[in-house]
Amino acid sequence: MNPPDDSNVADVRVDIWLWAARFFKTRNLAKQAIVGGHIDLNDGGCKPAKTLHVGDRLQIARGEERLDVEVLALSDRRGPASVAQGLYRETESSRLAREAAIATRRMTGTGAPAKRPDKQARRQLRQLKGAG
């Protein structure tokens, strides 16, 4: 889809753009990620009120996911996901690294036990933890 027609938007705060591009569910979560150092703008630090421009590069870390995106359009309104995807383009190297990480996680599994521990296993766990 085409990016939204917000031609009157000359500059947008980074936290608002991240929310509008649907990287975060709320502006507050976007702000917390920026303050926590999970967002880098043009290979440098970033503050929530920093002005974003078309052509800027953002490195976004969400949990285990790492994204490197280029800003294609500015918007201060949150729209449908199809429109939000027109605001940015993920770099090819970022996409390949993300897909490789997903494949690795699938291969290793979650590491959860196959079943709940029975009475004997619970006793052994309590003994290991020192709870007698």
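Being a predicted model, the structure only gives us computed values, none of them experimental.

**Considerations on the packing of aromatic side chains**
Consideration 1: Overall, the coordinates contain three aromatic pairs when judged by the stated rule.
Consideration 2: Centre to centre, the rings of W17 and Y88 are 6.4 Å apart; their planes meet at 80 degrees, and the pair counts as edge-to-face. Of this pair, W17 sits in helix α1 (residues 14–20) while Y88 sits in strand β6 (residues 88–90); the two residues are 71 residues apart in sequence, bridging distant segments of the chain. Assigned by exposure class, W17 and Y88 land together as buried.
Consideration 3: Ring centres of F23 and Y88 lie 4.7 Å apart, and the angle between their planes is 45 degrees; this geometry places the pair in the tilted category. On the criterion of sequence distance, the pair formed by F23 in the loop between α1 and α2 (27–35) and Y88 in strand β6 is long-range, its members being 65 residues apart.
Consideration 4: Grouped by ring-pair contacts, the aromatic residues W17, F23 and Y88 constitute a single cluster.

**A word on the pairing of strand β4 (residues 57–62)**
Within a regular strand, side chains alternate between the sheet's two faces.
Consideration 1: In this sheet, β4 lies alongside strand β2 (residues 39–41) in antiparallel orientation, the contact comprising three bridges. Within β4, the position partnered with L41 by the bridge is L58.
Consideration 2: As judged from the six bridges shared by β4 and strand β5 (residues 65–71), these two strands associate in the antiparallel manner. Within β5, the position partnered with L58 by the bridge is V69.
Consideration 3: Linking β4 to β5, which pair antiparallel, is a turn of two residues; within it G63 sits at a positive phi near 65 degrees.

**Some details on the sheet that holds β4**
Consideration 1: Strand order in the open sheet formed by four strands is β2-β4-β5-β6, with antiparallel pairing between adjacent strands. The open sheet has two free edges, formed respectively by β2 and β6, since each of these has just one partner strand. Going from strand to strand, the sheet's axes swing by 25 degrees on average, the running direction of each strand aside.
Consideration 2: Helix-sheet contacts for helix α4 (residues 92–108) involve β5 and β6, and the interaxial angle to β5 is about 160 degrees.

**A word on the side chain of D68**
Consideration 1: Following the sequence through the fold, D68 ends up in strand β5.
Consideration 2: Salt bridges are absent for the buried D68, whose nearest opposite-charge side chain, R57, sits at 4.3 Å.
Consideration 3: A polar side-chain atom of D68 sits 3.3 Å from a polar atom in the side chain of Q59.
Consideration 4: Those residues within four positions of D68 in sequence are excluded, and the remaining contacts are R57, L58, Q59, R89, E90, T91 and S94.

**So, the pairing of β5**
Consideration 1: For β5, the tally of buried residues reaches five of seven residues, placing the bulk of the element in the interior.
Consideration 2: In this structure, β5 lies alongside β6, joined through three bridges in antiparallel fashion. Looking across to β6, one finds that V69 is bridged to E90.

Conventions used here
- Residues numbered from 1 in each chain as written.
- Predicted model: local features only at pLDDT ≥ 70, side-chain atom pairs only at ≥ 80, totals over all residues.
- Heavy atoms only, no water.
- Phe/Tyr/Trp six-rings, centres within 6.5 Å; stacked < 30°, edge-to-face > 60°.
- Helix = DSSP H or I, 4+ residues; strand = E, 2+ residues; numbered from the N terminus.
- Buried < 20%, exposed > 50% of the residue type's maximum accessible area, 1.4 Å probe, protein only.
- Pairing = 2+ DSSP bridges.
- Axes fitted to C-alpha atoms, helices over the stretch in contact; angles between N-to-C directions.
- Contact = heavy atoms within 4.5 Å.
- Lys, Arg positive; Asp, Glu negative; His and termini not counted.
- Salt bridge = Lys/Arg side-chain N within 4 Å of Asp/Glu carboxyl O.
- Polar contact = N/O pair within 3.5 Å; in protein donor to acceptor, adjacent residues only side chain to side chain.

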